[in-house]
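# Breakdown of the fold
What follows is the residue order along each chain.
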Amino acid sequence: MRTELSTVGEFGLIELLSKDIKLKHPGTLKGIGDDAAVIDTGNKMLLLSTDLLLEGIHFDLTYMPLRHLGYKAAVVNISDIVAMNGTPKQMTVSIAVSNRFSLEAIEELYQGIRLACNKYNIDLVGGDTSSNVTGLFISITITGEADKDEIVYRSGAKEGDLLCVTGDLGGAYAGLLILEREKQAFKANPNMQPELTGYEYVIGRQLKPEPRIDILNLFRELKILPTSMIDISDGLASEALHICHQSNTGCNIYEEKIPIDDQTRKLALEFNIAPSIFSLSGGEDYELLFTVRQTDYDKIRNVPDFTIIGHITASGDGQNLITPEGQKIRLTAQGWDAFNERH
Ligand code: ADP
Ligand code: MG
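What comes next concerns the included structure.

### Quick look at the layout of surface pockets
Computed from the structure, the second largest pocket encloses a volume of approximately 200 Å³. Lining the second largest pocket are Thr 62, Tyr 63, Leu 179, Glu 182, Lys 183, Phe 186, Met 192, Gln 193, Pro 194 and Leu 196. Among the residues making up the lining of the second largest pocket, the classes are represented as six nonpolar, two polar and two charged.

Okay, structure coming up:
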């Protein structure tokens, strides 16, 4: 019998692969299922996470400069440690490259990785290097550190908690669409100059994301500890569903509350797509989605970086998007499915 991977999807596959895994060590506090694993090392907790980036799937070198790619590959990993409320510490970088790449090209990639490591105070401590038949493959593993009682899991949301996001959402996807559009135009007419003016912000969101480490300091200053948190790599809908599934809750997200930048909005309308779709399904914004107790409302309501987009409900109420007209739509995670046409 042969079952197509597309019938289970990326998350169905992870669930299947992980279902019979029994943790053997009492020090493994959290295994599969969060942004990072949590390992009790006695004093501080060790956070551990890994990510894989493949040419043609996760990035396209026609519009992604290698230096940016290196930086972004590091950011994607740092963001997973941040999503646990941890401090990133060390990383290993493994690459496989075909002979299409020159030494200078790989040096560019590492310049980007080093830049991120310097900026975020991370030691690059190892990795592995291999040749590859085609294309470029990058796998980064990162460690982080946190006090046990500071770690924020996906699973801690409670009914009545406020659902919040940092920054604005959908920009990275808008940037991708612009770059894709200009690539197609260039293919049709190589003399054409790309038209990127007016879209600098969203292109930056796609090519130069930053992890929101600054938000962790803000939490400390405000004296709040989120009840749950996840970074937005796959789109708001998918991440909200992760929090709800892990916390065994429902949620209501109010569509008109989702923070969307003007450039994102403008581009969505040009493409004839509702701007909220970019935020819900686009992904790669690397902002944080988190929940706080209602009693923390006064502490967060005037923070410019935070937007309250909804609240946590009982699991029986389901996970819903509430439209401005008051219509309730079941949240689905279109951004999820790496084995369908989108990833
Ligand atoms: P993120 O988007 O935060 O990087 P993922 O959605 O990739 O997280 O992964 C969700 C969880 O599943 C994580 O705990 C991750 O470590 C685990 N996971 C992903 N792929 C595999 C795999 N092939 N085998 C075991 N665990 C996996
Ligand atoms: Mg994550």
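### Description of the nonpolar core
Grouped together as the largest cluster of nonpolar side chains are 64 residues, with contacts concentrated most on Met 91 and Ile 138. Ranked by the residues each element gives to this core, the list is headed by helix α2 (residues 66-82), at nine residues. Excluding residues within four positions of it along the chain, Ile 138 makes contact with Asp 51, Leu 52, Leu 53, Phe 59, Leu 69, Ala 73, Val 93, Ser 94, Ile 95 and Leu 109. Among the nonpolar cores identified, the runner-up in size contains 23 residues, and Val 165, Ala 237, Cys 244 and Ile 258 belong to it.

### Description of the site of ligand 1
Taken together, the residues surrounding ligand 1 are Phe 11, Ile 14, Ile 32, Gly 33, Asp 34, Asp 35, Asp 51, Asp 80, Arg 154 and Ser 233. Contacts to ligand 1 include Gly 33, whose backbone N or O atom sits 2.7 Å from an oxygen atom. Starting from 560 Å² of accessible surface for ligand 1 in isolation, the protein chains cover 65%. A breakdown of the residues in the shell around ligand 1 according to their chemical character gives three nonpolar, two polar and five charged.

### Let's talk about helix α7 (residues 236-247)
Between its terminal C-alpha atoms α7 stretches 16 Å, which fits the 16 Å expected from twelve residues at 1.5 Å a residue. For α7, the tally of buried residues reaches ten of twelve residues, placing the bulk of the element in the interior. Listed as buried for α7 are Leu 236, Ala 237, Ser 238, Glu 239, Ala 240, Leu 241, His 242, Ile 243, Cys 244 and Ser 247. In the segment just after α7, Asn 248 is the residue with positive phi, at about 55°.

### What about the pairing of strand β2 (residues 37-40)?
For a regular strand, side chains alternate in direction, first toward one face of the sheet and then toward the other. Summarising the sheet, strand β1 (residues 28-30) and β2 pair through two bridges and their orientation is antiparallel. Residue pairing across strands places Thr 28 opposite Ile 39, the latter belonging to β2. Taking the residues between adjacent antiparallel strands as the criterion, β1 and β2 are bridged by six residues, where Gly 33 takes a positive phi near 125°. The pairing of β2 with strand β3 (residues 45-54) spans four bridges and is antiparallel. The partner of Ile 39 across the bridge, within β3, is Leu 46. Linking two consecutive strands that pair antiparallel, namely β2 and β3, is a turn of four residues; a positive phi of about 110° is found at Gly 42 within it.

### Examining the pairing of strand β7 (residues 162-166)
Across the five residues that make up β7, a large majority, five, are buried. Across four bridges, the pairing between β7 and strand β10 (residues 288-292) is antiparallel. Pairing of Leu 162 across the sheet is with Val 292, part of β10. Bridging between β7 and strand β11 (residues 306-314) involves five bridges; their strand directions are antiparallel. Paired with Cys 164 across the two strands is Ile 308, which belongs to β11.

### Brief notes about unusual backbone geometry
The phi angle at Asn 272 is positive, at roughly 65°, despite the residue not being glycine. Within the secondary structure, Asn 272 sits in the loop between α8 (262-270) and α9 (275-281). Judged by relative accessible area, which is 74%, Asn 272 ranks as exposed. Unlike most non-glycine residues, Glu 284 shows phi in positive territory, near 65°. Residue position: Glu 284 is located in the loop between α9 and β10. Classification of Glu 284 as buried rests on a relative accessible area of 19%.

### Brief notes about the sheet that holds strand β5 (residues 123-131)
Strand pairs in the sheet, formed through backbone hydrogen bonds, run parallel or antiparallel to each other. Reading across from one edge, β1-β2-β3-β6-β4-β5 is the order of the six strands in this open sheet, with mixed pairing throughout. Edge positions in the sheet fall to β1 and β5, since each of these pairs with one other strand and no more. Across the sheet, the mean angle from the axis of one strand to that of its neighbour is 20°, orientation sign disregarded. Strands β3, β4 (87-97) and β6 (136-146) of the sheet are contacted by α2, whose axis makes an angle of about 35° with β6.

About the thresholds
Residues numbered from 1 in each chain as written. Chains lettered and ligands numbered in written order. Predicted model: local features only at pLDDT ≥ 70, side-chain atom pairs only at ≥ 80, totals over all residues. Heavy atoms only, no water. 1 Å grid on protein atoms, 1.4 Å probe; cavity = no way out; pocket = protein on both sides within 12 Å on 5 of 7 lines; lining within 4 Å. Points joined across faces, edges and corners; volume = space filled by probe spheres on them. Nonpolar A, V, L, I, M, F, W, Y, C, P; charged D, E, K, R; others polar. Core = buried A, V, L, I, M, F, W, Y, C linked by side-chain atoms within 4.5 Å. Buried < 20%, exposed > 50% of the residue type's maximum accessible area, 1.4 Å probe, protein only. Helix = DSSP H or I, 4+ residues; strand = E, 2+ residues; numbered from the N terminus. Contact = heavy atoms within 4.5 Å. Near = heavy atom within 4 Å. Polar contact = N/O pair within 3.5 Å; in protein donor to acceptor, adjacent residues only side chain to side chain. Areas by Shrake-Rupley, 256 points an atom, 1.4 Å probe, with all protein chains shown as cover. Expected span 1.5 Å × (residues − 1). Pairing = 2+ DSSP bridges. Axes fitted to C-alpha atoms, helices over the stretch in contact; angles between N-to-C directions.

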